[in-house]
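Structural overview for review
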Amino acid sequence: MNLTRRKFLQSLSIGVVLTTKKGWANELPTKAIERRDLFPQGVASGDPTADTVILWTRRPPVNGNFAKKLVVEISASPEFNKILAGGTANIGADSDWTCRFMATDLKPNREYWYRFIDDHGFASRTGRTITAPRADSDTPVRFTFVCCQCPNEAAMNAYRKMIYEDEARPKEQRLNFVLHLGDFIYEVTWYAEDNPNGNRGRRIRNLYKFPQGRKVSNFHLPATLEDYRTLYRAYLEDPDLQDARARWPFVCIWDNHEFAWAGYQSQYVAGGGYSAPAQNQKISANQAWWEFMPAMVKQPGNPKLEHFNAPAVVDTPMEKFNEDGLSEEPNNLKAINSLNIRRVLRWGRNVDLLLTDNWSFRSPDMSTDDFNVPEYPRVDAQIPFEIMNYGRHYNGDKPPETIKFNGKDIPNPTKNVHAQTYLGSEQRNWFLEQLGASNARWKIWGHGFGTMEVRSDYQNLPGELGAKWPKDVGYAVIDNRFLRDKDIIFDFIKDHKVTGFCVVGGDRHAFHAGLASKALPPKKYEPLGVEFITGSISQQTLFEVLEITMAKNHPKRVLHLIDKADGTVIPSMNITALHGVLSTLKLKETGDMAQARSVRNPDVAPHLSLLDFGGHGYVMMTATAEQLSAEFVCIPRPLERSERPDGGPLVYRVVHRTNLWKAGEAPRLEQEVVEGDPRYCI
């Protein structure tokens, strides 16, 4: 940084714009005493560009120690020998004592250290942040992406390992930022007194209680702004999460649990049959996210976002939906547009990171109850599922009057209904415009849950195992979503010859690696990008849930779990989806993965190279001018906090690499097992 130039900070905290005092640069640091207890949620930074980054902290009243003003100092060294820039800000209860500062006029691709000092001379811990490379830079970009964390039920050991390994790397190979793909909080809360045996085998910690809340069945849900704030405050007291936010800038989007378990738009939907219009609650969820996530986001009519404007709304049912599945009820529109998190961030010539909101504009879910196959848990029948997902757009806008299922012709309930969407037409058009305009080598889509289809060939099950799978319904769908959105996006990529397209996703509580495509066999399979999905930081996986809840004598248990003589369990659900049902049956017979792969069905998952329904951890991405790599770091089930400095043992480390392909070429993935044993995942 050129210390002779005037430096300044602009605050994004409530109602305040800051500039540095005259002569601020080159000043000696303020004499201060570090008091982390007065800044209980630590410090953070977010959304770095080549010359800006947002800085964050929270300084509430603590045991009668009250502060009204904070000073921020930025330095080129953690010792704060000289101050490069700084400012002051008032804080107050209207923003829950949080502060957001936009530090500007920084140098590209540089480390900076920052801290906050209250008006009593007490300082926060020191934070470290990193700016992005300049727009024309070829420097490699390195980041991890993560999702799905809840310290109330498990530990954040993945962050500890991430920090430990990053500190051991040479400086030029360290991470630039952390991409958090949502479920930063879980608004669904179990209290220990309601669940004395824990939650499906997990100890409940009772780190917080909602000041108001709403109890449904044996769990509790937030109802007010203060309830959502309570979650963020408690989560950010976790030492490993707090250390990670102090070490790297975070780039964040939200997933479902930042607002509602199974909601859509401004409708709150949870288990236990609870569903209600919740425009005020959606705005509260957005405001709390804005207060605690340092992100460069927007509000209508508030382009600088100097304060959060909570629009006045009335909780009103959504009764009509337009051609795109959007309710145009005015209160709903005000609520879902009260904060816009879609944005594009640039890291030199190598990476454009495109971020979308996959929940605020999604259409209501369609019930598939008429097409359930109860003998086969956790799957959908492919053809009925696709017909209903496409709605009136199925078969080139010619949906059938009836759907064949189990020898019956069932009336098609969605023949006149909009297709399922999560982006909505306006956001989808924005995304395609940004994607088409990007000249970065790698166009990386930060996606809440990814686009990959996961399925298995239950139609090939022999004998009694296959007796109940309906005829003429195709594959058993394990995970596939929003087919028309996917069609439109992949058609655009093909038509516009977009290269270097990569999807990074979360939400599924499972690791996935593979090629991104519009469809799978018997339809035309045409890879147009690469896709990587991370396992959860801490939340329960499908493997863990079924291991605890699925009866050992369930007739279809083998498709999900294989019990070994020593008491351990093989996650055969991975093999069923990767290689097909015959591979799973061969594995149960022989215990040998080589023999299991020898009878695999190559049409089941030609796109997948890794699938782990029991994986916890994170994925580290490296983008260079020629290559993109994804390193999957899998850790054991994090039931309790590890006391080891490295965060605990490793299950496996697997790297996938792809070279930048040309228009008209198909991307290819190479896989390398670096460490550990992923035999049941590849």
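In what follows, the accompanying structure is described. None of the values given here were measured: they were computed from a predicted structure. (Residues numbered from 1 in each chain as written. Predicted model: local features only at pLDDT ≥ 70, side-chain atom pairs only at ≥ 80, totals over all residues. Heavy atoms only, no water.)

**Focus: the side chain of H509**
- As for its position among the elements, H509 is in the loop between β26 (501-505) and β27 (511-517).
- Classification of H509 as buried rests on a relative accessible area of 14%.
- Side-chain polar atoms of H509 contact the side chain of Y186, separated by 3.1 Å.
- H509 has contacts with C148, Y186, G535, S536, Q539, Q540, T541, F613 and G615, leaving out every residue within four places of it along the chain. (Helix = DSSP H or I, 4+ residues; strand = E, 2+ residues; numbered from the N terminus. Buried < 20%, exposed > 50% of the residue type's maximum accessible area, 1.4 Å probe, protein only. Polar contact = N/O pair within 3.5 Å; in protein donor to acceptor, adjacent residues only side chain to side chain. Contact = heavy atoms within 4.5 Å.)

**Comments concerning the sheet that holds strand β20 (residues 380-381)**
- Taken together, the 3 strands give an open sheet; going across it, the order is β20-β25-β24, and neighbouring strands pair in antiparallel fashion. Unpaired on one side and paired on the other, β20 and β24 (454-456) mark the two borders of the sheet.
- Inspection of the sheet shows β20 paired to strand β25 (residues 476-479) by 2 bridges, in the antiparallel sense. Its bridge partner being in β25, A381 is matched across the sheet by A476. (Pairing = 2+ DSSP bridges.)

**Brief notes about the side chain of D479**
- Following the sequence through the fold, D479 ends up in strand β25.
- For D479, the side chain forms a polar contact with the side chain of R481, separated by 2.8 Å.
- Apart from the residues within four sequence positions on either side, D479 is in contact with M452, E453, V454 and R508.

**Observations regarding the sheet that holds strand β23 (residues 442-446)**
- Read from one edge of the open sheet, 7 strands run β18-β19-β23-β26-β28-β27-β31, paired in mixed fashion. The two strands at the open ends of the sheet, each matched to only one other strand, are β18 (343-347) and β31 (608-612). Strand-to-strand twist in this sheet, taken as the mean axis angle between neighbours without regard to direction, amounts to 25 degrees.
- With 5 bridges joining them, β18 and strand β19 (residues 351-355) adopt antiparallel strand pairing. Looking at the pairing, V344 lines up with L354 of β19.
- Together, β18, β19, β23 and β26 form the strand contacts of helix α8 (residues 424-437), whose direction differs from that of β19 by roughly 180 degrees. (Axes fitted to C-alpha atoms, helices over the stretch in contact; angles between N-to-C directions.)

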